[in-house]
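# Report on the structure
Here's the letter readout for the chains.
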Amino acid sequence: MLFRSFVKHPVNNSLARLTNEESVKQSIRNLILTNVGERMFEPDVGSTVNNALFEPNDFVSKDMMAQSINYAINTFEPRARLLSVKIDQTRDGNSLVANIVFSLINSQEPVTLQLLLRRIR
């Protein structure tokens, strides 16, 4: 599931909220998929992952994406402590998967987020 859909709360019929690790996962997903300079009044927020998707698919590009993800999470997501970032190519070779492992600040348990990165303009 790439994006969380709008789900109604079963009791009060309002929109369900994300809490704890799901909230941090959504925040990291939004942070990585936001281009630097895209947010009004916050030009530094985001990552350069989308730009790197159109570079040659080699270990240098994957390393640049991992560094961009690392910088974005460590700089703009204070609730997460990043443990590792690994970029892998999918079987068809048309997209990449970012495997991000982090822990919440108040927990030692690792949380894994897989994010599909596709070349779309």
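Going by the structure above, here's the rest.
Each value, and the rule that gives it
Residues numbered from 1 in each chain as written. Predicted model: local features only at pLDDT ≥ 70, side-chain atom pairs only at ≥ 80, totals over all residues. Heavy atoms only, no water. Buried < 20%, exposed > 50% of the residue type's maximum accessible area, 1.4 Å probe, protein only. Helix = DSSP H or I, 4+ residues; strand = E, 2+ residues; numbered from the N terminus. Expected span 1.5 Å × (residues − 1). Contact = heavy atoms within 4.5 Å. Pairing = 2+ DSSP bridges. Polar contact = N/O pair within 3.5 Å; in protein donor to acceptor, adjacent residues only side chain to side chain.

### A look at unusual backbone geometry
- Unlike most non-glycine residues, Phe41 shows phi in positive territory, near 70°.
- Assessed through its relative accessible area of 78%, Phe41 is described here as exposed.

### Examining helix 1 (residues 20-33)
- With 14 residues, helix 1 should cover 20 Å at 1.5 Å per step; its first-to-last C-alpha distance of 20 Å lies within 8% of that length.
- Looking at the buried positions of helix 1, the neighbouring elements they touch are helix 2 (49-52), helix 3 (59-76), strand 1 (80-89), strand 2 (95-104) and strand 3 (110-118).

### Considering the pairing of strand 1
- The sheet contact formed by strand 1 and strand 2 spans nine bridges and is antiparallel. If you follow Arg81 over to strand 2, its bridge partner there is Ser103.
- Counted along the chain from strand 1 to the antiparallel partner strand 2, the turn is five residues long, and its residue Gly93 has a positive phi close to 80°.

### Let's talk about the environment of Thr90
- Note that Thr90 resides in the loop between strand 1 and strand 2.
- Between the C-alpha atom of Thr90 and that of Leu117, which follows or precedes it by 27 residues, the distance is 9.7 Å.
- Those residues in contact with Thr90 that lie beyond four places of it in its chain are Ser95, Leu96, Val97 and Leu116.
- Side chain to side chain, Thr90 and Asp92 meet in a polar contact 2.6 Å long.
- Of note is the side chain of Thr90, whose polar atom sits 3.1 Å from the backbone oxygen of Ser95.

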